[in-house]
Amino acid sequence: WDSRLAWKTLWITTFNLTLAFVTWFLVSALAPQLNYIGFDLSKGQLYWLVAMPGLAGGFLRLVWMFLPPIMGTRKLVWMSTLLLLIPLIGWGMVVNNPSTPYSVLLMLAFMAGIGGGVFSGFMPSTSYFFPKSKQGTALGLQAGIGNFGVSLVQFVNPEKGIEAQVWYNHAGWFWVPWVIIGVILAFTLLKSVPVQARGVKDQLDIFGNKHTWLMTWLYILTFGTFSGLAAQFGLLMRNIYGTPFGADGVNPLAYAFLGALVGSAARILAGPIADRVGGGK
């Protein structure tokens, strides 16, 4: 294996994956504040708005999982990253307009799910470049650092006052230059390894493998819980406790990022352990 190419691929793809998670969880950072900047949405509408990227991300992962051997790493990563501009620019535009129809908000929330869908394409695209003895470490780093995008998008929001309105009006736009940088890096520096499939049909044998279903069930219980709670936690705290919270005026939204931060760090730590003890254990 080409160590230098492998690690270069890992870091560029991880940079783009971080931006994908930022995009995926952008709605979770916006939703708790929408009614405070001019929107008039019910609690039910807000919960569905935050749930939609997760639903879309799960569906889109079923699409992206087939693409690595069809498209190759380079083309898959730069094209997928380019698609992130659709929800980012879309949310950058609608947050300025509280009269935006709810159906449009739902559609943009669905498009944010692209950031979750690309995960199932980025990870195997990177694993091609590493021997099996190092894939746990490599993918642990990629998934863990990429997941920091969840905490990042929830952490950088101001808490109250006019600052919040200024920030939320630019929440989507802020990430656009970084996405463009990621597209350029992937387009110019990444390579594809000679692993190819003629199409989706060649890959359907995974559905007859019992381990596919065992790992799927475990993943629902683990990452499904992680991503679902990370998305809804800020809105739950807003609705249950309000803001400010408590006599000392602490804003609970300021701490929503901590759960995702712990989950991301755990992924990084678990990667080398998987290499050492094996996946089953």
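Residues numbered from 1 in each chain as written. Predicted model: local features only at pLDDT ≥ 70, side-chain atom pairs only at ≥ 80, totals over all residues. Heavy atoms only, no water.

Details of the overall build of the protein
From N to C terminus, the protein includes 14 helices and zero strands. Reading the protein from its N end, one meets helices and strands in the order α-α-α-α-α-α-α-α-α-α-α-α-α-α. Of all 281 residues assigned to the protein, the portion counted as buried reaches 47%. Here the protein has roughly 13,900 Å² of accessible surface; of this, 70% comes from carbon and sulfur atoms. (Helix = DSSP H or I, 4+ residues; strand = E, 2+ residues; numbered from the N terminus. Buried < 20%, exposed > 50% of the residue type's maximum accessible area, 1.4 Å probe, protein only. Areas by Shrake-Rupley, 256 points an atom, 1.4 Å probe, with all protein chains shown as cover.)

Things to note about helix α9 (residues 119-127)
Where burial is concerned, most of α9 is hidden: eight out of the nine residues are buried. Within α9, burial applies to Phe119, Ser120, Gly121, Phe122, Met123, Ser125, Thr126 and Ser127.

As for the packing of aromatic side chains
Tallied over the full model, the rule gives 13 aromatic pairs. Ring plane angle 10 degrees and centroid distance 6.3 Å describe the contact between Phe119 and Phe223, whose orientation is recorded as stacked. Residue Phe119 is located in helix α9, and its partner Phe223 is located in helix α13 (residues 210-241); the two are separated by 104 residues in the primary sequence. Under the relative-accessibility criterion, Phe119 is labelled buried at 7%. Residue Phe223 is classed as buried on the basis of its relative accessible area, which comes to 6%. The rings of Phe21, Trp24, Phe25, Phe119, Tyr219, Phe223 and Phe226 are connected pair by pair, giving a single aromatic cluster. (Phe/Tyr/Trp six-rings, centres within 6.5 Å; stacked < 30°, edge-to-face > 60°.)

Here we look at the packing of helix α2 (residues 26-34) against helix α3 (residues 43-64)
Describing two packed helices takes the angle between their axes plus the distance from one axis to the other. At a closest axis distance of 9 Å, the pairing of α2 and α3 adopts a crossing angle of 170 degrees. Taken together, α2 and α3 sit at an angle that is classed as roughly antiparallel. Contacts between α2 and α3 involve Val27, Ser28, Ala31 and Leu34 on the former and, on the latter, Leu46, Leu49, Val50 and Pro53. Broken down by class, the residue content of the contact of α2 with α3 amounts to seven nonpolar, one polar and no charged. (Axes fitted to C-alpha atoms, helices over the stretch in contact; angles between N-to-C directions. Parallel < 35°, antiparallel > 145°, perpendicular 65-115°, else oblique. Contact = heavy atoms within 4.5 Å. Nonpolar A, V, L, I, M, F, W, Y, C, P; charged D, E, K, R; others polar.)

Focus: a nonpolar patch on the surface
A surface patch of nonpolar side chains, amounting to about 510 Å² of accessible area, comprises Ile70, Val200, Leu204, Ile206, Phe207 and Trp213. Summarising the element assignment, Leu204 is placed in the loop between α12 (176-189) and α13. For Leu204, a relative accessible area of 39% gives the class partly exposed. (Patch = residues over 30% accessible without salt bridge, like charges linked within 9 Å, V, L, I, M, F, W, Y side chains within 5 Å. Salt bridge = Lys/Arg side-chain N within 4 Å of Asp/Glu carboxyl O.)

Structural notes on the side chain of Thr13
Here Thr13 shows up in helix α1 (residues 3-24). For Thr13, a relative accessible area of 0% corresponds to the buried category. Of note is the side chain of Thr13, whose polar atom sits 2.7 Å from the backbone oxygen of Thr9. Sequence-distant contacts of Thr13, that is, excluding residues within four places in its chain, are made with Val77, Phe122, Thr126, Gln142 and Leu190. (Polar contact = N/O pair within 3.5 Å; in protein donor to acceptor, adjacent residues only side chain to side chain.)

Let's talk about helix α5 (residues 73-83)
For α5, the set of buried residues is Thr73, Leu76, Val77, Trp78, Ser80 and Thr81. Structurally, α5 contributes buried residues whose contacts are with α1, α3, α4 (68-71), α6 (85-94), α9 and α12.

Description of the nonpolar core
Counting 58 residues, the largest nonpolar core has Phe21, Phe25, Leu49 and Trp91 as its most contacted members. In terms of residue count, α1 provides more of this core than any other element does, seven residues in total. Excluding residues that lie within four positions of it along the chain, Phe21 makes contacts with Arg61, Gly115, Phe119, Gly146, Asn147, Gly149, Val150 and Phe223. By size, the runner-up hydrophobic cluster in this structure holds seven residues, among which are Leu5, Leu10, Ala138 and Leu141. (Core = buried A, V, L, I, M, F, W, Y, C linked by side-chain atoms within 4.5 Å.)

Things to note about the side chain of Asn16
Locating Asn16 in the fold gives a position in helix α1. Not counting residues within four places of it along the chain, the set of residues in contact with Asn16 comprises Val77, Thr81, Leu84, Phe122, Gly182, Val183 and Ala186.

Here's the deal with the environment of Gly144
Among the secondary structure elements, Gly144 is positioned in helix α10 (residues 132-155). Taking the C-alpha atoms as reference points, Gly144 and Arg267, 123 residues apart in sequence, are found 4.8 Å from one another.

A few points about the confidence of the model for the protein
Of the residues in the protein, 89% reach a pLDDT of 70 or more, and the chain-wide mean stands at 84. The lowest-confidence element of the protein is helix α11 (residues 161-169), averaging 51 in pLDDT; the highest-confidence one is α12, averaging 96. Per-residue pLDDT stays below 50 along residues 158-165; that stretch engages in eight contacts with residues further than four places along the chain or on separate chains. (pLDDT = per-residue confidence, 0-100.)

A few points about the environment of Thr100
Here Thr100 is to be found in the loop between α6 and α7 (102-112). The class of Thr100 is buried, set by a relative accessible area of 11%. Residues Thr100 and Phe39, spaced 61 residues apart in sequence, show a C-alpha to C-alpha distance of 8.6 Å. Those residues in contact with Thr100, other than ones at most four positions away along the chain, are Val94 and Leu105. At 2.6 Å, the side chain of Thr100 and the backbone oxygen of Asn97 are in polar contact.

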